[in-house]
Amino acid sequence: MHYKSFRNATYAPAAYVKESSLEKIKADIEKVGKYVKLDKIYLETYRSSVTVEREKMEAVKKLFTDSGYQVSGGITTTVAGPLMGSMCFTDPENRKKLGEVVALTAELFDEVILDDFYFTNCRCEACIKAKGERDWATFRLALMQDISENVILKNAKAANPNVHMIIKFPNWYESFQACGYNTEEEPPVFDSIYTGTETRDPHYTHQNLPRYLSYFLPRWMEHIKPGKNGGGWYDLFECDLEDYVQQAYLTVFAKCRENMLFCFPLLARFPLYTAAAGAFYDEIDPVAAQLGEPVGVACYKPFHSPGERHLYDFVGMLGIPLEPYPAYPADAPVVFLTADAAWDGDLVGKIKKSLLAGKKVIITSGLYSALAEKGIREILPLDVTNRKVTSDIFTNNGFGQNSHAISKAAAPITMPRVTYNTNDFWVMSAVLTPHDSHPLLLRGSYGEGWLYVLTVPETFADLYNLPAETLTLLRGELELPVTIECGGKIGLFLYDNDTFIVQSFAKLPEEVTVRINRSGATLTPLNDTLRLPQKARSGDEESVFTVSLLPGHYAAFKVN
Ligand SMILES: [Zn+2]
């Protein structure tokens, strides 16, 4: 391994392996090696009806092994055709073909990864008939589980009992169940899993994935199969350089064991991108070696649970570090929940238990609505109405005007109007319209605990426009050892050994105020920063610093 904290891998698609001469591949190995240090390559035997012959694969394998690479196998379960070319898995011919490809690959390699086209979006007559009365998600989850156990793993293990089979889950986690990716039942049967961290351009691409997903998703997958999330996988499609390297940053911040730079021929063709990634890995390795395990505000994303799609990813870009779990985090002192959590039919009971145990539970207005008829009103009644309010003026404490804690958002924000019972709930932050006021953050007690309700804008990205003071107030309720005081589009990544990273997702330089929750603390930078952190203020319970960030860049620190 070139690095202490992670392995770097890449991937060669079947067409490249099949069609490139050995001289061409050798030249590419030399070229790529100038820009990035790679430990491993996955050589693909099959994709879109292209199969690499055994003899060619053996020769390519030797070429990479001789160049110091570890080699593993890869398969992409596509056929030439429409709809992303995903296979019809009810077709006996496809099942047979897939079984043969898997057997061939397992004979050639002791480790095999399935690229993330391992799903079905087929609605052919045979699939419609096989679905019967079930909904598509239920049918497809069962179908892909059957293929995983009875086609993929059965044939692989028969061909090579020692083969280590990896299923890579894509970046589109909110839609997994719709196309048969089964995060509940596939991880237990595969030897390990792998995570797509390719967020690319978060704005102009149709997938429209908030950058924080590159961190959030591998953390969720890590809790789905602890210790067995093999790596994070990103690429340069639809990326400018900044998009590209931010994916690399977050994959390392999430403590992925392996970074997959998809794919080898692209690394050879676009050396500017390759060099940027290579420079980042040289820079981050000594930093990553000092980071503990990621920690943050516990949040709950049940299996197969679209709700407020990607809201967790937007919240993660507000300087709120999130640690996502597929099971309710009953022991966490603070729990943050979006409407995704409503997929758990016992959620209200679990919230009650947390509150009675003296914990804080923060829920979104969307989750409150989803639970309105499921018992949440019995904890604390309020109404998320159908009326909307739009404003850019916010108050930031219980009695806004008294302390002049009024601030302006970067742009007007539209959100639902929430009504509540005065003195049953306390307004911690409100949005002001002429002659009226509407809650943004409410807090009410239940047992020894506190229930918070956060009104979520109609467009989640408007959260980035909330005033710095309002975001700071929200962050201050989360019982974190480190908090930041600034606007949105800044990420905070906490680790369990007093280290942390502040990451800018902004296009302009940022001055971020970092508050440590104890007196007399100092900060040691773990990477080269533009300016050393400056002490901003200090008190009995805090040490506060100003940290300068370049646009899109990060700063890592150890708290002493
Ligand atoms: Zn079909």
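Source: prediction; values computed, not measured.

A. Examining the coordination of the zinc ion more closely. For the zinc ion, the full set of protein donor atoms is Cys88 (SG), Cys122 (SG), Cys124 (SG) and Cys127 (SG), and the range of their distances to it is 2.3 Å. For the zinc ion, the 4 donor atoms in the first shell make angles of 104 to 114° at the metal, so the coordination geometry reads as tetrahedral. One chain supplies every donor for the zinc ion, spaced along it as C-x33-C-x1-C-x2-C. With a relative accessible area of 26%, Cys124 lands in the partly exposed category.

B. Focus on the side chain of Thr274. Its location among the elements puts Thr274 in helix H11 (residues 271-288). Here Leu267 takes part through its backbone oxygen, which lies 2.8 Å from a polar atom of the side chain of Thr274. With residues near it in sequence (within four places) discarded, Thr274 still touches Val32, Tyr35, Val36 and Leu267.

C. Examining the pairing of strand S4 (residues 70-75) more closely. Bridge count between strand S2 (residues 40-47) and S4: 6 bridges; the pairing is parallel. Residue pairing across strands places Glu44 opposite Gly74, the latter belonging to S4. Bridge count for S4 against strand S5 (residues 111-114) is 3 bridges, and the pairing is parallel. When the sheet's bridge partners are listed, Gly73 is paired in S5 with Val112.

D. Focus on the packing of helix H9 (residues 241-253) against H11. Contact geometry of H9 with H11 gives a least axis separation of 10 Å together with a crossing angle of 30°. In terms of axis orientation, H9 runs roughly parallel to H11. Note that H9 runs across H11; the crossing there is right-handed. Here Leu241, Tyr244, Val245, Ala248, Tyr249, Val252 and Phe253 of H9 lie close against H11, whose contacting residues are Leu272, Tyr273, Ala276, Ala277, Phe280, Tyr281, Ile284 and Ala288. Classifying every residue of the contact of H9 with H11 gives 15 nonpolar, no polar and no charged.

E. Expanded view of the sheet that holds strand S13 (residues 334-337). Pairing in this open sheet of 9 strands is mixed, and the strands run S12-S11-S13-S14-S19-S18-S17-S15-S16 from one edge to the other. Two strands close off the open sheet at either side, each with one partner strand: strand S12 (322-325) and strand S16 (406-420). The average angle at which neighbouring strand axes cross in this sheet is 30°, direction not considered. One ladder, built from 4 bridges, connects strand S11 (residues 297-300) with S12; its direction is parallel. The residue of S12 that forms the bridge with Tyr300 is Tyr325. Contacting S11 and S12, helix H8 (residues 213-224) crosses the sheet at an angle of about 40° to S12.

F. Fine view of helix H6 (residues 136-159). End to end, H6 covers 33 Å across 24 residues, agreeing with the expected 34 Å (1.5 Å per residue, within 8%). Considering bend angle alone, the principal kink of H6 is centred on Leu153 and spans about 35°.

G. Representation of the pairing of strand S15 (residues 382-395). Looking at chain direction, S15 and S16 are connected through 10 bridges and run antiparallel. Within the sheet, the bridge partner assigned to Lys388 lies in S16 and is Pro416. Summarising the sheet, S15 and strand S17 (residues 426-433) pair through 3 bridges and their orientation is antiparallel. Along S17, the bridge assignment pairs Phe394 with Val431.

H. Representation of the packing of aromatic side chains. Counted by the stated rule, this structure contains 46 aromatic pairs. Ring centres 6.4 Å apart and planes at 80° place the aromatic pair Tyr42 and Tyr194 in the edge-to-face group. Of this pair, Tyr42 sits in strand S2 while Tyr194 sits in strand S7 (residues 192-196), and the two are 152 residues apart along the sequence. We classify Tyr42 as buried; its relative accessible area is 1%. For Tyr194, a relative accessible area of 1% corresponds to the buried category. Over the ring of Phe109 we find Lys61; its NZ or CZ atom is 5.0 Å from the centre of that ring. It is Arg123 that lies over the ring of Trp136; its NZ or CZ is 4.6 Å from the centre.

I. View of the nonpolar core. With 161 residues, the main nonpolar core has Tyr118, Ile152, Tyr244, Phe253, Tyr281 and Phe500 as its most contacted residues. Take this core: its biggest share by element is 9 residues, from H6. Two domains each donate at least three residues to this core, and these are domain 1 (7-289) and domain 2 (295-467). Not counting chain neighbours up to four residues away, the residues in contact with Tyr118 comprise Thr77, Phe89, Met144, Ile147, Ser148, Ile152, Ile167, Tyr181, Glu186 and Phe190.

J. Region of interest: the domain arrangement of the protein chain. Looking at the protein chain, the domain boundaries give domain 1 (7-289) and domain 2 (295-467). Counting residues at the interface gives 19 residues for domain 1 and 24 residues for domain 2. Between domain 1 and domain 2, a total of about 1,900 Å² is buried, with carbon and sulfur atoms accounting for 62% of that surface. Applying the counting rule to domain 1 against domain 2 returns 2 salt bridges. Lys301 is paired through a salt bridge with Glu174; the nearest N and O atoms lie 2.6 Å apart. Here domain 1 is connected to domain 2 by 9 residue pairs in polar contact (both at pLDDT 80 or more). Top element by residues in the side of domain 1 that touches domain 2 is H8. It accounts for 7 residues. A per-class count over the side of domain 1 that touches domain 2 returns 10 nonpolar, 5 polar and 4 charged.

So, how was this worked out
Residues numbered from 1 in each chain as written. Predicted model: local features only at pLDDT ≥ 70, side-chain atom pairs only at ≥ 80, totals over all residues. Heavy atoms only, no water. Donors = N, O, S within 2.8 Å, 3.2 Å for Na, K, Ca; no water. Tetrahedral: all angles 85-135°; square planar, octahedral: opposite > 155°, others 65-115°. Buried < 20%, exposed > 50% of the residue type's maximum accessible area, 1.4 Å probe, protein only. Helix = DSSP H or I, 4+ residues; strand = E, 2+ residues; numbered from the N terminus. Polar contact = N/O pair within 3.5 Å; in protein donor to acceptor, adjacent residues only side chain to side chain. Contact = heavy atoms within 4.5 Å. Pairing = 2+ DSSP bridges. Axes fitted to C-alpha atoms, helices over the stretch in contact; angles between N-to-C directions. Parallel < 35°, antiparallel > 145°, perpendicular 65-115°, else oblique. Left-handed = near helix turned anticlockwise from the far one by under 90°. Nonpolar A, V, L, I, M, F, W, Y, C, P; charged D, E, K, R; others polar. Expected span 1.5 Å × (residues − 1). Bend = angle between axes of the 7 residues up to and from the residue. Phe/Tyr/Trp six-rings, centres within 6.5 Å; stacked < 30°, edge-to-face > 60°. Lys NZ or Arg CZ within 6 Å of the ring centre and 35° of its normal. Core = buried A, V, L, I, M, F, W, Y, C linked by side-chain atoms within 4.5 Å. Domains from an automatic or database assignment. Buried area = accessible area lost by both parts, 1.4 Å probe. Salt bridge = Lys/Arg side-chain N within 4 Å of Asp/Glu carboxyl O.

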